[in-house]
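# Fold and contact review
Listed here are the chains, written in short residue letters.
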Amino acid sequence: MKRLTPGTILAALAFAALLGADFYAPRLINPYVYQILWLCGINVILASSLNLVNGFTGQFSIGHAGFMALGGYVSAAIAVFAGHALGGVPAWLFLVSLLSGGLVAALAGLLVGLPSLRLRGDYLAIVTLGFGEIIRTLILNVDAVGGARGFTDIPILRLLLSGASEPTPSLSIVSCTAFLSVLIIYRMIHSPRGRAFVAVREDEVAAEALGIDTTRTKVTAFVVGAFFAGLAGGLFAHTTGYLNPSSFQFMKSIEIMVMVVLGGMGSLTGSVLAAVLLTVLPEALRAAQGYRMVLYSALLIVLMLARPQGMFGSTELRLPWARKGPGKP
Amino acid sequence: MLEIRGLDVYYGAVHALKGVSVRVEQGEVVTLIGANGAGKTSLLRAISGLVKPRAGSLKFEGRELGGMEPHDIVKLGLSHAPEGRQIFANMSVHENLELGAYLRKDSRGVHDDQERIFTLFPRLREREKQGAGTLSGGEQQMLAIGRALMSRPRLLLLDEPSLGLAPILVREIFKTIREINQDGMTVLLVEQNAHLALKAANRGYVLETGTVKFEDEASRLASNEEVRKAYLGG
């Protein structure tokens, strides 16, 4: 039995607070802020999972939006078509569709990763770039999921236990999934075998000489990253209720990468905070109207100049009283 | 234990090893000496699978290593402390050692072995939680050797352990290599410091531009006129 540390207790409290979000959030905040919050949750999953690949394992993937799109469309299609057949979308169907979205994305990650991760360096960037575009073009041409018109009437993950008739998506589910995703990735990296990810990044030859199967390690990171991207895509589909291929263009992948770099390659705390910051910032800058994106870009440049290693570099935020965790010198 | 016959290694068009044959018996310290570019490191890299030989055979305890992946070769009981140390600078000493035991599942045995390495290199114990990149060159070399020992190999490949170290540290490292050997470890040692290497080894090979020039008992090599002139400063 593990000892209860202050960190564990705090994490449990945070989880409980997120789980309860559906009860208090709709009363406290307006729908606009509410929407930004769930987008934050989705972006947290995207940034943390990409950090596992680009930050911790040191690979260079720029096709994260492709996995997100795949997961989103698979999840939405299952919920829509199975929902029709069943005459409704029960809770378990959401679970099935979300997990299927993640698993299909993971499978695609395996197919893309196996041949390309044997090679080093920029090769993966080109392959993932191509993959993202292929997925998008494929979706554009599948009429059953709306093609270029977009996929409409996707069932919404509603508020937990609210009984309300308005289709407000559940913030609890999104935020708790984000929390668990970050936790799983954190546990993976800080397990004894998980140290192989960082070893591959630091020195592939030395890692190989210690008996680490570097290809397998890279593929594992890539597949897990793809799974969570697919999961995030599914959540996106079931909160917005609408998918369009143009939401998953190359720029979306870049946006996620910016979160990872800004937060710090190799820092999950950084990814979480950067994902929240970069989701909120464009909204907060709406007052600047036409200059909004100029200001946004300028702020990014200033941040990167001030901290080229990202906000957190490769360190995690730690509670002052928590004992030094693994992974930190 | 290790039997290499007629090994040919190329880097692109460069012929780095030309029909090299080397043999290492259980319990020995065998050294490979020679000038820069003679092919010493290439030979170690070929043994541990980091470069693929074009021809020849590499047998470890009767098993052919040619064509195997490096991580599979480690599983057979061969461990390589690479040239330039290649420790994980951003990880702590403890984490580096832990990675050395990556393939092992007996956490108790891993812990005991870490203690044994701290006994061999007391300085590493003092620096257990410290980032490996902040260690001195000698301490990094100790860590590289310690890390290689953590996989509990039967054959240890050491590449230039004296590289860039102060003479007093070099002596300390060589003393430890002899200790490790006395505990039963077989060692294949690549060195530029021929003087020390021949003192530590049972047998030696002199490599010159990719071929074995001499092969003999270490003490006889040390008194060989040509070897003395070329590698021991007269």
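The rules behind the values
- Here the residue numbering is sequential within each chain, running from 1 through the sequence in written order.
- The naming scheme follows written order: chains are lettered A onward, ligands numbered 1 onward.
- A pLDDT threshold of at least 70 governs which residues receive local features in this predicted model, and a stricter bar of 80 or more applies before side-chain atom pairs are shown or counted, although totals over entire chains, interfaces and linings include all residues.
- The basis for every side-chain value is the complete set of heavy atoms in the structure, and neither hydrogens nor water enter the calculation.
- Every helix listed is a DSSP run of H or I at least four residues long, and every strand listed is a run of E at least two residues long, numbered separately from the N terminus.
- Each radius of gyration is computed over the set of C-alpha atoms, and the globule rule expresses the reference value as 2.2 Å times the number of residues to the power 0.38.
- Buried means the residue's accessible area, taken with a 1.4 Å probe over protein chains only, is under 20% of the maximum for its type, while exposed means over 50%, and partly exposed covers the values in between.
- A contact between two residues is defined here by any heavy atoms of the two lying within 4.5 Å.
- For accessible areas, the Shrake-Rupley method is used with a probe of radius 1.4 Å. Any residue's cover is judged against the shown protein chains and nothing else.
- When charges are counted, Lys and Arg are positive and Asp and Glu negative, with His and the chain ends excluded.
- Every charge is mapped to an atom, namely NZ of Lys, CZ of Arg, CG of Asp or CD of Glu.
- Put simply, two rings from Phe, Tyr or Trp (the six-membered ring, in Trp's case) pair if the centres are within 6.5 Å, and we call them stacked under 30 degrees between planes, edge-to-face over 60, tilted for the rest.
- Note on definitions: buried area is the accessible-area loss of two parts on being combined, 1.4 Å probe, summed for both.
- A side-chain nitrogen of Lys or Arg and a carboxyl oxygen of Asp or Glu constitute a salt bridge if their distance falls within 4 Å.
- Classes in brief: Ala, Val, Leu, Ile, Met, Phe, Trp, Tyr, Cys and Pro nonpolar; Asp, Glu, Lys and Arg charged; the others, Gly included, polar.
- Think of each axis as a best-fit line through the C-alpha atoms, taken over the contacting stretch in the case of a helix, with angles from 0 to 180 degrees between the N-to-C directions.
- Angles are sorted into four bins: roughly parallel if under 35 degrees, roughly antiparallel if over 145, roughly perpendicular if 65 to 115, and oblique for all others.
- By definition, two strands form a pair when at least two bridges between them are found by DSSP.
- To qualify as a nonpolar core, a set must consist of buried Ala, Val, Leu, Ile, Met, Phe, Trp, Tyr and Cys residues joined through side-chain atoms within 4.5 Å.
- Each patch is built from salt-bridge-free residues with over 30% relative accessible area, joining like charges within 9 Å and nonpolar side chains (Val, Leu, Ile, Met, Phe, Trp, Tyr) within 5 Å.
- A helix is expected to span 1.5 Å for every residue after the first.
- Pairs of N or O atoms are called polar contacts if they sit within 3.5 Å, as long as, within protein, a hydrogen donor faces a hydrogen acceptor (for residues adjacent in sequence, only side-chain-to-side-chain pairs).
- The definitions used throughout rest on a 1 Å grid laid over the protein atoms alone, on which a cavity is an enclosed set of points accommodating a 1.4 Å probe that cannot get out and a pocket is an open set flanked by protein within 12 Å on both sides along at least five of seven lines; lining residues are those having an atom within 4 Å of a point.
- Grid points are joined across faces, edges and corners, and a volume is the space filled by probe spheres set on the points.

## Things to note about the overall build of chain B
Within chain B, the regular secondary structure consists of 10 helices and 10 strands. Computed over C-alpha atoms, the radius of gyration of chain B comes to 17 Å, within 12% of the 17 Å expected from 2.2 N^0.38 for 234 residues, which places it in the range of a compact globule. The C-alpha extent of chain B, read off along each of the three principal axes, is 45 × 40 × 30 Å. When each of the 234 residues of chain B is scored for burial, the buried share is 54%. Once local pairs closer than 6 in sequence are excluded, the contacts in chain B between residues at least 24 apart make up 66%. Per element, the accessible surface of chain B, about 9,900 Å² overall, is 47% carbon and sulfur. Side chains of chain B carry 31 positive and 30 negative charges; the gap between the two charge centres is 1 Å.

## With respect to the packing of aromatic side chains
Residues and elements named next belong to chain A. Following the criterion strictly, the structure yields 9 aromatic pairs over all chains and no others. Their ring planes at 85° and their centres at 5.6 Å tell us that F67 and F222 sit as a pair that is edge-to-face. Of this pair, F67 sits in helix α4 (residues 64-86) while F222 sits in helix α10 (residues 214-240), placing them 155 residues apart in sequence. Comparing F67 with F222, the two get one shared label, buried.

## Quick word on the interface of chain B and chain A
In this assembly, 24 residues from chain B lie in contact with 21 residues from chain A. Between chain B and chain A, roughly 2,100 Å² of surface is buried when both sides are summed, and carbon and sulfur atoms account for 59% of that area. Together, H71, F88 and Y102 of chain B form the three largest contributors to the area buried by chain B at its contact with chain A, with a combined 32%. Among the salt bridges present, the one from R195 of chain A reaches E98 of chain B, with a minimum N-O distance of 2.1 Å. Looking at the side of chain B that touches chain A, the elements with two or more residues in it are α2 (70-75) and α3 (93-100) of chain B. Here the element with the most residues in the side of chain B that touches chain A is α3 of chain B; it accounts for 4 residues. Each residue belonging to the side of chain B that touches chain A can be placed in one class, and the counts come to 9 nonpolar, 8 polar and 7 charged.

## Thoughts on the packing of α4 of chain A against helix α6 (residues 123-140) of chain A
Residues and elements named next belong to chain A. Remark: α4 packs on α6, axes separated minimally by 8 Å, with the N-to-C direction vectors making an angle of 30°. On the basis of their axis angle, the class for α4 and α6 is roughly parallel. Residues G66, F67, A69, L70 and Y73 of α4 touch α6, and the partners they reach there are F131, G132, I135 and I139. The class makeup of the residues in the contact of α4 with α6 is 7 nonpolar, 2 polar and no charged.

## Remarks on the sheet that holds strand β6 (residues 78-81) of chain B
The strands making up a sheet associate through backbone hydrogen bonding, with each pair oriented either parallel or antiparallel. Residue and element names in this part refer to chain B. Overall, mixed pairing links the 6 strands, which are arranged β6-β7-β8-β3-β9-β10 in an open sheet. Every other strand in the sheet has two partners, leaving β6 and β10 (211-217) as the edge strands with one partner each. Strand-to-strand twist in this sheet, taken as the mean axis angle between neighbours without regard to direction, amounts to 15°. The sheet contact formed by strand β7 (residues 155-159) and strand β8 (residues 186-191) spans 5 bridges and is parallel. Bridging from a neighbouring strand, D159 pairs with V190 of β8. Helix-sheet contacts for helix α6 (residues 137-149) involve β6 and β7, and the interaxial angle to β6 is about 165°.

## Here we look at the pattern of salt bridges
All names here are of chain B. Tallied over the full model, the rule gives 26 salt bridges over all chains. Ionic pairing is found between K40 and E160, a salt bridge with its closest N-O pair at 3.9 Å. Here K40 is found in helix α1 (residues 40-47), whereas its partner E160 is found in the loop between β7 and α7 (167-182), with 120 residues between them in sequence. The burial state of K40 is the same as that of E160; both residues are buried. Taking the shortest distance from any N to any O, the salt bridge between D72 and K75 comes out at 3.2 Å.

## Brief notes about the nonpolar core
Core analysis: the largest hydrophobic core is formed by 88 residues, its most contacted members being I42, F151 and L243 of chain A. A total of 14 residues in this core trace back to one element, the largest contributor, which is α10 of chain A. Once residues lying within four places of it in the same chain are set aside, the contact partners of L243 of chain A are G72, Y73, A76, G150, F151, I154, F236, A237 and F248 of chain A. Membership of the second largest hydrophobic core comes to 46 residues, among which are V29, A101, L143 and A144 of chain B.

## Details of the side chain of R136 of chain A
With respect to the helices and strands, R136 of chain A occurs in helix α6. Dropping the residues within four chain positions of it, R136 of chain A is found in contact with P245, F248 and Q249 of chain A.

## Description of the pairing of strand β2 (residues 14-24) of chain B
All names here are of chain B. Relative to β2, strand β1 (residues 2-11) runs antiparallel, the two sharing 8 bridges. Across the sheet, the residue bridging to I4 is V22, located in β2. Between β1 and β2, which pair antiparallel in sequence order, lie 2 residues; one of them, G12, sits at a positive phi of approximately 60°.

## Regarding the sheet that holds strand β5 (residues 63-64) of chain B
All names here are of chain B. What the 4 strands build is an open sheet, ordered β2-β1-β4-β5; its pairing is antiparallel. Both edges of this open sheet fall to β2 and β5, since each of them pairs with a single strand only. Pairing of β1 with strand β4 (residues 55-60) involves 5 bridges; the strand directions are antiparallel. The residue bridging I4 from the neighbouring strand is L58, located in β4.

## Things to note about a nonpolar patch on the surface
All names here are of chain A. Taken together, L4, I9, L10 and L13 make up a surface patch of nonpolar side chains, about 400 Å² in accessible area. Tracing the backbone through its elements, the reader meets L10 in helix α1 (residues 6-19). For L10, a relative accessible area of 40% translates into the label partly exposed.

## What about helix α12 (residues 268-284) of chain A?
Residues and elements named next belong to chain A. Taking 1.5 Å per residue as the helical rise, α12 with its 17 residues ought to reach 24 Å, and the 24 Å between its terminal C-alpha atoms agrees with that figure. The set of residues buried in α12 consists of L268, T269, G270, S271, A274, A275, L278, T279, L281 and P282. Residues of α12 that are buried make contact with α3 (31-56), α7 (171-189), α11 (250-263) and α13 (292-306). For α12, the capping residue at the N-terminal end is S267, with a side-chain oxygen 3.0 Å from the backbone nitrogen of G270.

## What about empty space enclosed by the protein?
Evaluation of the coordinates by the stated rule reveals 2 cavities of 30 Å³ or more. Computed from the structure, the largest cavity encloses a volume of approximately 50 Å³. In terms of lining residues, the largest cavity is bounded by I62, G63, A65, G66, T128, L129, G132, E133, F248, Q249, F250 and S253 of chain A. Among the secondary structure elements, those contributing two or more residues to the lining of the largest cavity are α4, α6 and α11 of chain A. Ranked by residues supplied to the lining of the largest cavity, first place goes to α6 of chain A with 4 residues. Each residue belonging to the lining of the largest cavity can be placed in one class, and the counts come to 5 nonpolar, 6 polar and 1 charged. As a volume, the second largest cavity reaches approximately 30 Å³. Secondary structure elements with two or more residues in the lining of the second largest cavity: α2 and β6 of chain B.

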